[in-house]
Amino acid sequence: MLALLAVPMVALVTASSWEELVRGARDASFWPALWLSARTTFASMALVVLGGTPLAWWMAAREGRWVRAVEMIVDLPVVVPPAVVGLALLEAFGRNGLFSPVLAPLGLHLPFTTAAVVLAQVVVAAPFYVQSAAAAFRRTDADLLIVARTLGQSPAGTFLRVAAPLALPGLLAGAALSWARALGEFGATLLFAGNLAGSTRTMPLAIYTALEADTQVAVSLALALAGAGALLLLPLRAVPAMLARRFGTTARRWHRGG
Amino acid sequence: MQWTAKVRVQAGTFVLDASIEGGLAPVILVGPNGSGKTTLLRAIAGAHAAVQGRVEAGGRVLSDSETGVHLPPEERRIGYVPQGYGLFPHLTVAANVAFGLSGKARRMPGAERRQAVGAILERMGCERLAGRLPRALSGGEQQRVALARALVTEPGMLLLDEPLAALDPAARRDMRRFLARHLADRARPAIVATHDARDVYALDAAAVYALEDGCVSQSGPPSALAARPATSFVAEFFALAPGEQARPDDAGPASVRAGEPARSGP
């Protein structure tokens, strides 16, 4: 199993020489795709964290039928194939979609724009952050939150000064997973945003496009993306372990739900 | 200063319905695990939103479900030390103690705050711990820091949930004396939940409330409960304190007491 996980990556790394890699990186399609991926994933991560944190906090503070229903909705984009998500986004926000009576008079046209790329990334990536954040908030000791309130903190102050710092390893792990998912987004983007150079052709779509013309460029793009993914392992594994050591909790505890 | 708490909380199938009151001398809550001691303390602290009844301390109404009053915890001026002490693991001892002086309710300028923190840590005998994280402290040290953190905000009332349960016997004896001294010379009401009858005498409690299944099964001065236990739990509770009441040195200095029932003892 381990070999199956590692061998393709090794093959990718050994597939080309340094000179060929540099040539691939100089290709006209490389930097625009990289820059677009960086911009869109940054925007989608900001939206995921800003919108997902309050949702996760709400889910962690309550239990019952409503929370279970919300949890199922949050899980939905994970189990539904990306292509289906892309089609669903078109049906919702497309020219003749569910929201077209609202969007069209405002002159808003989402499909095949950079905004559509961001929207697709938010939908497919948010569940990973929300689940991890909710699990982290659930692990915080309720007594600590009560104590913070009795010491004069408002609910917002309690969240910022106690709940968020204590859940930080889980929030970081969730954000890293979520970012990795957004960075790799392909199917939903292709259907909802298309494959337009400069505005919707992110790295994964550029790899797919380059493969038809120049395999070497595709390999260069793929290695850059793989490198970015490897960098994301840092906040995913090392940072939570480090924080956990500092606070005296075992690292293992943080990994659940991460 | 008098206080009363008449509280009804429903949490799932568990119902807590209890009415307790007291003055300046400590009131002790006893009861088996799951009898509602922690729920009652949290309700008084204001942590339960859906609570029926009325809580009043020193003439101030903290909550009253009839008139719709429900002060949030940050406005109640109640110090709460939970089981396990509730120290913030990501903050140093000094930052833990300073926490209550930086919130909305009781903000202090930096220099004044540092002075207040230093003073209370010194009084609690833990000034040398100021820079440490809670995980580097022993149980007794954690309890002292938690107490310092609660007291530095000058709360009108103190709630301690099993303050001695997690300590080894030697630390427990020290801490019991320490608590007795501090509760006595601060002259502020305190409710202490405990599993140990020795605490009742050492803290010079005015009254004991026995909670069983969410209801008060018996209450009164310690001597009355010890002499005529109404339930098998109360009988067992007091039977487990062999002769402790005969040792006045454990009770600490005479406390300020205002019109509470006669002092416990033989």
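Since the structure is predicted, the reported quantities are computational estimates derived from the model, not experimental observations.

*Asks:* How should the overall build of chain A be read in this particular structure?
*Replies:* Helix and strand content of chain A: 13 helices and zero strands. Walking chain A from its N terminus toward its C terminus, one meets helices and strands in the order α-α-α-α-α-α-α-α-α-α-α-α-α. Of all 258 residues assigned to chain A, the portion counted as buried reaches 43%. Residue pairs at least 24 apart in sequence account for 71% of intrachain contacts in chain A once pairs closer than 6 positions are excluded. In the form shown here, chain A has an accessible surface area of approximately 13400 Å², with 71% of it arising from carbon and sulfur atoms. Between the mean site of the 19 positive side-chain charges and the mean site of the 12 negative ones, chain A shows a separation of 11 Å.

*Asks:* Is there a simple way to think about the layout of surface pockets in this case?
*Replies:* Which parts of space are left empty comes out when a probe the size of a water molecule is rolled across the atoms. Considered as a void within the structure, the largest pocket measures approximately 900 Å³ in volume. In terms of lining, the largest pocket is formed by 27 residues, of which the most central are Ala61(A), Ala142(A), Leu145(A), Ile146(A) and Ala47(B). Breaking the lining of the largest pocket down by element, the ones donating at least two residues are α3 (30–61), α4 (65–79), α7 (114–139), α8 (142–150) and α9 (155–183) of chain A. Considering only residue class, the lining of the largest pocket consists of 16 nonpolar, five polar and six charged.

*Asks:* Whenever I open this one, the pattern of salt bridges confuses me. Can you help?
*Replies:* Opposite charge on two side chains permits them to pair, given that their charged atoms come into close proximity. The final tally for this structure, using the stated rule, is 15 salt bridges over all chains. Ionic pairing is found between Asp143(A) and Arg42(B), a salt bridge with its closest N-O pair at 3.0 Å. Linking Asp143(A) in helix α8 with Arg42(B) in helix α1 (residues 37–45), this pair reaches from one chain into another. The exposure class assigned to Asp143(A) is buried, which follows from its relative accessible area of 8%. Across the pair Glu154(B) and Arg188(B) runs a salt bridge, and its minimum N-O distance is 3.1 Å. Taken together, the residues span a long stretch of sequence, with Glu154(B) in the loop between α4 (139–151) and β8 (157–161) and Arg188(B) in the loop between α5 (169–186) and β9 (190–193) at a distance of 34 residues.

*Asks:* Would you take a moment to explain unusual backbone geometry for this structure?
*Replies:* Among all residues except glycine, the phi angle is most often negative; among peptide bonds, the trans geometry is most common. Of note in this structure, Phe112(A) is not a glycine but carries a positive phi near 65°. In this structure, Phe112(A) sits in the loop between α6 (100–103) and α7. Overall, the relative accessible area of 43% leaves Phe112(A) in the partly exposed class. Positive phi values are uncommon outside glycine, yet Glu162(B) reaches one of about 45°. For Glu162(B), the location among the structural elements is in the loop between β8 and α5.

*Asks:* Would you explain a nonpolar patch on the surface in this entry?
*Replies:* A cluster of nonpolar side chains, namely Leu98(A), Phe99(A), Val102(A), Leu106(A) and Leu108(A), defines an oily patch on the protein surface of about 530 Å² accessible area. Along the chain, Leu108(A) turns up in the loop between α6 and α7.

*Asks:* Just checking my understanding: could you explain helix α8 (residues 232–239) of chain B for this structure?
*Replies:* Every α-helical turn comprises 3.6 residues, leaving residues that sit three or four positions apart pointing alike. Residue and element names in this part refer to chain B. Residues of α8 that are buried: Phe-233, Val-234, Phe-237 and Phe-238. For α8, the angular spread of buried residues about the axis comes to 125°, placing them on one side. Seen from the open side of α8, the exposed residues pointing more than 90 degrees away from its buried face are Ser-232, Glu-236 and Ala-239. The inward-facing, buried residues of α8 contact β3 (27–30), α6 (197–202), β10 (207–212), β11 (215–220) and α7 (222–227).

Parameters and conventions
- Residues numbered from 1 in each chain as written.
- Chains lettered and ligands numbered in written order.
- Predicted model: local features only at pLDDT ≥ 70, side-chain atom pairs only at ≥ 80, totals over all residues.
- Heavy atoms only, no water.
- Helix = DSSP H or I, 4+ residues; strand = E, 2+ residues; numbered from the N terminus.
- Buried < 20%, exposed > 50% of the residue type's maximum accessible area, 1.4 Å probe, protein only.
- Contact = heavy atoms within 4.5 Å.
- Areas by Shrake-Rupley, 256 points an atom, 1.4 Å probe, with all protein chains shown as cover.
- Lys, Arg positive; Asp, Glu negative; His and termini not counted.
- Charge placed at Lys NZ, Arg CZ, Asp CG, Glu CD.
- 1 Å grid on protein atoms, 1.4 Å probe; cavity = no way out; pocket = protein on both sides within 12 Å on 5 of 7 lines; lining within 4 Å.
- Points joined across faces, edges and corners; volume = space filled by probe spheres on them.
- Nonpolar A, V, L, I, M, F, W, Y, C, P; charged D, E, K, R; others polar.
- Salt bridge = Lys/Arg side-chain N within 4 Å of Asp/Glu carboxyl O.
- Patch = residues over 30% accessible without salt bridge, like charges linked within 9 Å, V, L, I, M, F, W, Y side chains within 5 Å.
- Arc of directions from axis to C-beta.

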